[in-house]
Amino acid sequence: MSQMLALAILILVLFIGEAVSIRTKAWIPSIFVSGVLFLLGFWTFFPPEIVTLAGVPPAVAVMLIYLLITNMGTLLSLQELKSQWKTILIAISGILGIIAALFGIGTLLFDFETVVVAIPPLVGGLVSALIMSEGAAAAGLPTLAVFAIVIYVVQGFAGYPLTSIMLKREGKNLLKRYRNNELTAKQMPGEQQETIGKPVKEPRMFAKMPDKYNTDFFKFFRLAFVGYLAYLTSVLIAPVVEISPFVLCLLFGVIARSIGFLERHPLQKANGFGFAIMGLLLFIFDGLKNATPSMMVEIMYPLIGCIVIGVAGMYIFSLIVGKLLKVSKEMAFAVSLTALYGFPADYIITVEVINSLTKDEEEREVLTSHMLPPMLVAGFITVTIVSVILAGIFVGFL
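Nothing here was measured: the structure is a model prediction, and the numbers come from that model.

About the criteria used
- Each chain has its residues counted from 1, running along the sequence as written.
- Local features are withheld for residues below a pLDDT of 70 in this predicted model, meaning they are given only at 70 or higher, and side-chain atom pairs are given and counted only at 80 or more; totals for whole chains, interfaces and linings count all residues.
- Calculation of side-chain values draws on the structure's entire complement of heavy atoms; hydrogens and water are dropped beforehand.
- Under the DSSP-based scheme used, a helix requires at least four consecutive residues in state H or I and a strand at least two consecutive residues in state E, with every element numbered from the N terminus.
- Pairing of N or O atoms within 3.5 Å defines a polar contact, subject to two protein rules: one partner must be a possible hydrogen donor and the other a possible acceptor, and residues neighboring in sequence count only if both atoms are side-chain atoms.
- Any two residues whose heavy atoms approach within 4.5 Å are treated as being in contact.
- Without a salt bridge and with relative accessible area above 30%, a residue can belong to a patch; like charges are then joined within 9 Å and nonpolar side chains (Val, Leu, Ile, Met, Phe, Trp, Tyr) within 5 Å.
- In this description, accessible areas are obtained by the Shrake-Rupley approach with a 1.4 Å probe, and a residue is regarded as covered only by the protein chains that are shown.
- Salt bridges are defined as contacts in which a side-chain nitrogen from Lys or Arg sits within 4 Å of a carboxyl oxygen from Asp or Glu.
- Charge counting treats Lys and Arg as positive and Asp and Glu as negative, with His and both chain ends excluded.
- Think of each charge as sitting on NZ of Lys, CZ of Arg, CG of Asp or CD of Glu.
- Note on classification: 1.4 Å probe, protein chains only; a residue is buried when its accessible area is under 20% of the maximum for its type, exposed when over 50%, partly exposed between these limits.
- The quantity known as pLDDT measures the predictor's confidence residue by residue, on a range of 0 to 100.
- In this scheme, a helix's expected span is set at 1.5 Å multiplied by one less than its residue total.
- What is called the bend at a residue is the angle between a pair of axes, fitted to the seven residues leading up to and ending at it and to the seven starting from it.
- Each aromatic pair joins two rings of Phe, Tyr and Trp (for Trp, the six-membered one) with centres within 6.5 Å, and gets the label stacked for planes under 30 degrees apart, edge-to-face for over 60, and tilted for any other angle.
- To sit over a ring, a charge needs its Lys NZ or Arg CZ within 6 Å of the ring centre and within 35 degrees of the ring normal.

So, the side chain of T358
Now for step 1: Position of T358 among the secondary structure elements: in the loop between α17 (345–357) and α18 (361–394).
Now for step 2: A polar contact of 2.5 Å, which involves the side chain of T358, links it to the side chain of E363.
Now for step 3: Setting aside residues up to four positions removed in sequence, T358 forms contacts with L175, R179, E363, R364 and L367.

Laid out in structure tokens, this is it:
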């Protein structure tokens, strides 16, 4: 198989996943569809090395992880998140619920390594799944290396419909209050406007640089340099404490943006975000090449068990904390569920639910102002920050 044929086939698989997700209004997640197609491909005509053949070897994937996590750090501003402190506490409580349930109940049903590998992908996205998959493979646990990828692929299938149901209930309650003149629209916080595409200022360090010199390569260079500093720091502190360079990339991304060395979302501004996600997705699915039908049967029980137990723990913890903070149980659970998919699914689902509840523009504005900000912030906190930190810690247990 030629390189370009391999690449074309793999990108077609990703597109089919997206198309099905769009057609079903995200009830069937694209990751799930693409994962199934990759499995069928590896079981039939895909050569085992098809992803490397297409041009995404492990070294390229690691490079993309460094760039993507550093880029994630630039999305965080502590000042911007202050207005959503309740959301952050509920989102974190949901993750604690997953951890408590799986360590408390899951370890009675499954072995310790299975639970350790399951938690970070269950509360996160691409990066945490890849960290745990690579860690399991390095620890000589090939079945769990596949398990980390599969649980990431399947978890959204549980999260999407549950979130939609919760948001529809919350939206109906909000509409009822609004129509009874008990509710008004909130002003959207700055960080939400920024998230959905409003332009932001260039970093202070380079504010005087002519735009013609602030090229894509200059943005890539700064991202790579910050990633290198994170890697170097990880190496230097290794004799004292072992911290994943990926976790440090996140921290260094936050610092780099706060001091003005990086702007917000530089990878997108350098026109590299889509390509980076494509490459990382292909490498993630490459982990399925070792998933034989018998192995899939073997991991099906812990897969379903971990998701059910984890989501139950999430619901209980978010319900308790939501009640203490006087947040409805529907909104609290929906906020916690963002851990199963993150951005942009949290934005897409929320908007689709709002549009399905009312055709009145004023009512849509009210619902958007009350429902969209907490969903976006929660998705960012769970998937972008907490899951990467957990993966960096948990991989050391293998």
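Description of unusual backbone geometry
Now for step 1: With a phi angle near 60°, N181 is a residue other than glycine that sits in the positive phi range.
Now for step 2: Its location among the elements puts N181 in the loop between α9 (142–179) and α10 (190–195).
Now for step 3: Positive phi, normally seen in glycine, also occurs at K326, with a value near 60°.
Now for step 4: Of note, K326 is situated in the loop between α15 (293–324) and α16 (329–337).

As for a positive patch on the surface
Now for step 1: Among the surface-exposed residues, K168, R169, K172 and K329 lie close enough to one another that they form a single positively charged patch.
Now for step 2: For the positive patch, the element with the highest residue contribution is α9, accounting for three residues.
Now for step 3: Here K168 lies in helix α9.
Now for step 4: Residue K168 is classed as partly exposed on the basis of its relative accessible area of 30%.

Some details on the confidence of the model for the protein chain
Now for step 1: Taken as a whole, the protein chain shows an average pLDDT of 83; of its residues, 90% reach a score of 70 or greater.
Now for step 2: A low-confidence stretch, residues 188–200 (pLDDT under 50), is modelled with 26 contacts involving residues beyond four sequence positions or located in other chains.

Considerations on helix α6 (residues 85–109)
Now for step 1: In this model α6 runs 35 Å from its N-terminal to its C-terminal C-alpha over 25 residues, within 8% of the 36 Å that 1.5 Å per residue would give.
Now for step 2: The largest bend in α6 comes to about 35°, at F103.

Here we look at the packing of aromatic side chains
Now for step 1: For the coordinates displayed, the defined rule picks out 14 aromatic pairs.
Now for step 2: With a centroid separation of 6.0 Å and 85° between ring planes, the pair formed by F38 and F46 is classed as edge-to-face.
Now for step 3: Residue classification places F38 among the buried positions, given a relative accessible area of 0%.
Now for step 4: A residue is classified by how much of its surface remains accessible, and F46, at 7% relative accessible area, is buried.
Now for step 5: Ring centres of F206 and F218 lie 5.1 Å apart, and the angle between their planes is 90°; on these two criteria the pair is classed as edge-to-face. Pair noted here: F206 is in the loop between α10 and α11 (216–237) and F218 is in helix α11, with a separation of twelve residues, a long-range link. Comparing F206 with F218, the two get one shared label, buried.
Now for step 6: Each residue in the set F38, F42, F45, F46 and F285 is aromatic and connected to the rest through ring pairs, giving one cluster.
Now for step 7: The ring of F206 has R222 lying over it, and the distance from NZ or CZ to the ring centre is 4.8 Å.

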